[in-house]
Amino acid sequence: MTARVSATPCPGGPLLLRGVEEVETADGTVHSVDRPVVALCRCERSQRLPWCDGTHRALARGARRTAGDVAPA
Amino acid sequence: MVIPPARGPLTASLFAALVDGTPLAHTDLLTRLDGDGVLSDDDLQLALWVCYALHYESVDGVPDDREWDLDVLAFRQALEERFLAALHDLAAEVVDDWAHREGDVGDRLFALTDSVEGPSLSRHLHRHGDVVQLRELLAHRSAYNLRESDPQALALPRLDGPAKVALAELLFDEFGAGRPERLHSTLFAEAMVAAGLDPRYGGLLDRLPGTTLAITNAMNLFHLRRSLLPASLGHFGAFEATSSEPSRRLAAAARRLDLPPAVAAYFDEHVEADAVHEQLMFRAVCAPVAASGPDAETGVFFGAAACLLLEARAGQALLDAWTSGESSLLPAADDEQLAS
């Protein structure tokens, strides 16, 4: 494995991290990483923080419903 | 695997051809089948499923060379033509809504996925479902998950550049990320055993209806044909993009119902894994392939729409059965219960 670490932001979604061994959150907890790519939550509503669990899409769906804009333009 | 009992003229003819080399006269058999019914036909979908299984492993009593028997391939192709036509009819409206529009392909694929309102099996099981229903869900999913990501691996040699690298990265994760005990197909088999189900490939085939088998058959149809590569990738993307949230609810359901930990563990693994995989598939694999030409873009959206609409039909059949207090599985031939 290379030691290279990269971060790829997904529009409206998580930050993909490659090559990291652990992620330390603000409370000092260290989360070890055991897969090649992980998705870091950016909406802060995930139930699996710090990892993305797809909640951002449920939030966006709710927002679209509220705006009455479900069908494509 | 063991060949299941035939359930109609198509499977009867196919199984006889596979075992004894009896000539396959498919033209007469197919006249009764057309249109929408193809998508849920128990006989046709089982025949297709077994045709595809020949490419993955030995079938008891069937010579291995039958995999490339020209009569069997011609039979399969005749079934596939009808299946593919029905899938195009099913998906046409959704494809028209989302392909070739303004905006980023990845964004539109996510929007398409969120626009198809399927019945939520995971919501039902999370709140109300019982152990029998969760076990039935595992039984239905065994048509694919005992070979999780095997069909999708066939796309790898047909890609190049960044899309190939992204798919390889995803598949490495699906195939255990270097740890055999983390193979997703193995985790699924362990969940089945923990739930008291037969974990052998094809072991529950005789209980699975056409609507369920159609999901795996669409994957194999798309992945085995190079001309359908864009559809195979769109299908995989939509499959991954409808996994993370439901898996979270199914893991919770398994814990609420006190099933052994291997069941929740399987779904837990897919919450975080598929939140990554959906991004990789839609943005790093599907988007560059769609950018290669208008037909490729149509194909990607077709595959995604076909996946979601087939899942919706299959899911509705399960919910309808459960709402009526019935089993979603076909009756067992010998009155055996699902429990092993």
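Residues numbered from 1 in each chain as written. Chains lettered and ligands numbered in written order. Predicted model: local features only at pLDDT ≥ 70, side-chain atom pairs only at ≥ 80, totals over all residues. Heavy atoms only, no water.

For chain B, an unreviewed UniProt entry supplies the name Iron-containing redox enzyme family protein and the organism Nocardioides guangzhouensis.

Per an unreviewed UniProt entry, the recorded name for chain A is CDGSH iron-sulfur domain-containing protein, and the organism is Nocardioides guangzhouensis.

(A) Spotlight on the packing of helix α11 (residues 210–224) of chain B against helix α15 (residues 294–323) of chain B. Residue and element names in this part refer to chain B. Across the interface, α11 lies against α15 with an axial gap of 8 Å and an inter-helix angle of 165°. Between α11 and α15, the crossing angle belongs to the class labelled roughly antiparallel. For the element pair α11 and α15, the recorded crossing hand is left-handed. Of the residues in α15, those touching α11 at T211, T212, A214, I215, A218 and F222 are F302, G303, A306, L310, E311, A314, A317 and L318. A class-by-class count of the residues in the contact of α11 with α15 yields 10 nonpolar, three polar and one charged. (Axes fitted to C-alpha atoms, helices over the stretch in contact; angles between N-to-C directions. Helix = DSSP H or I, 4+ residues; strand = E, 2+ residues; numbered from the N terminus. Parallel < 35°, antiparallel > 145°, perpendicular 65-115°, else oblique. Left-handed = near helix turned anticlockwise from the far one by under 90°. Contact = heavy atoms within 4.5 Å. Nonpolar A, V, L, I, M, F, W, Y, C, P; charged D, E, K, R; others polar.)

(B) Layout of α15 of chain B. Residue and element names in this part refer to chain B. Between its first and last C-alpha atoms α15 spans 43 Å; for 30 residues at 1.5 Å apiece the expected length is 44 Å, and the two agree. A large share of α15 lies buried, amounting to 21 of its 30 residues. Just past α15, the residue G325 takes up positive phi, approximately 75°. (Expected span 1.5 Å × (residues − 1). Buried < 20%, exposed > 50% of the residue type's maximum accessible area, 1.4 Å probe, protein only.)

(C) Spotlight on the pattern of salt bridges. Taken as a whole and assessed by the stated rule, the structure comprises 21 salt bridges over all chains. For R179 of chain B, the salt bridge identified is with D34 of chain A, shortest N-O distance 3.7 Å. Taken together, the residues R179 of chain B in the loop between α9 (161–174) and α10 (184–194) and D34 of chain A in the loop between β4 (30–32) and β5 (37–40) connect one chain to another. Assessed through its relative accessible area of 49%, D34 of chain A is described here as partly exposed. Among the salt bridges present, the one from R255 of chain B reaches D268 of chain B, with a minimum N-O distance of 3.0 Å. Of the two residues, R255 of chain B is situated in helix α13 (residues 244–256) and D268 of chain B in helix α14 (residues 261–290); the sequence distance between them amounts to 13 residues. Residue R255 of chain B is classed as partly exposed on the basis of its relative accessible area, which comes to 44%. (Salt bridge = Lys/Arg side-chain N within 4 Å of Asp/Glu carboxyl O.)

(D) Representation of the packing of aromatic side chains. All names here are of chain B. Counted according to the given criterion, the structure contains six aromatic pairs over all chains. Ring geometry for Y144 against F239: centres 5.2 Å apart, planes inclined by 80°, an arrangement best described as edge-to-face. Of this pair, Y144 sits in helix α7 (residues 131–145) while F239 sits in helix α12 (residues 229–240), and the two are 95 residues apart along the sequence. Residues Y144 and F239 agree in their burial class; the two are buried. Where Y266 meets F267, the ring centres are 5.3 Å apart and the plane angle is 75°; that geometry is what we call edge-to-face. (Phe/Tyr/Trp six-rings, centres within 6.5 Å; stacked < 30°, edge-to-face > 60°.)

(E) Quick peek at the nonpolar core. Within the largest apolar cluster, 123 residues are counted, with the highest numbers of intra-cluster contacts made by L14, W49, F83, L87, F222, L233 and F302 of chain B. Structurally, this core is a two-domain feature, drawing no fewer than three residues from each of domain 1 (9–86) and domain 2 (102–324) of chain B. Setting aside residues up to four positions removed in sequence, L87 of chain B forms contacts with L39, A218, L221, F222, F302, A306 and L310 of chain B. The next biggest cluster of nonpolar side chains, apart from the first, holds seven residues, and it includes L17, V20, V23 and V38 of chain A. (Core = buried A, V, L, I, M, F, W, Y, C linked by side-chain atoms within 4.5 Å. Domains from an automatic or database assignment.)

(F) Here's a closer look at the side chain of R61 of chain A. Assignment of secondary structure puts R61 of chain A in helix α1 (residues 55–66). Here R61 of chain A is in contact with D114 and E245 of chain B, once residues within four sequence places are set aside.

(G) Fine view of the sheet that holds strand β2 (residues 15–18) of chain A. Residue and element names in this part refer to chain A. A sheet is described by the order of its strands in space; here three strands give the open sequence β1-β2-β5, paired in antiparallel fashion. Both edges of this open sheet fall to β1 (6–9) and β5, since each of them pairs with a single strand only. For this sheet, the mean inter-axis angle between neighbouring strands, taken without regard to orientation, is 25°. Bridging between β1 and β2 involves four bridges; their strand directions are antiparallel. If you follow S6 over to β2, its bridge partner there is R18. (Pairing = 2+ DSSP bridges.)

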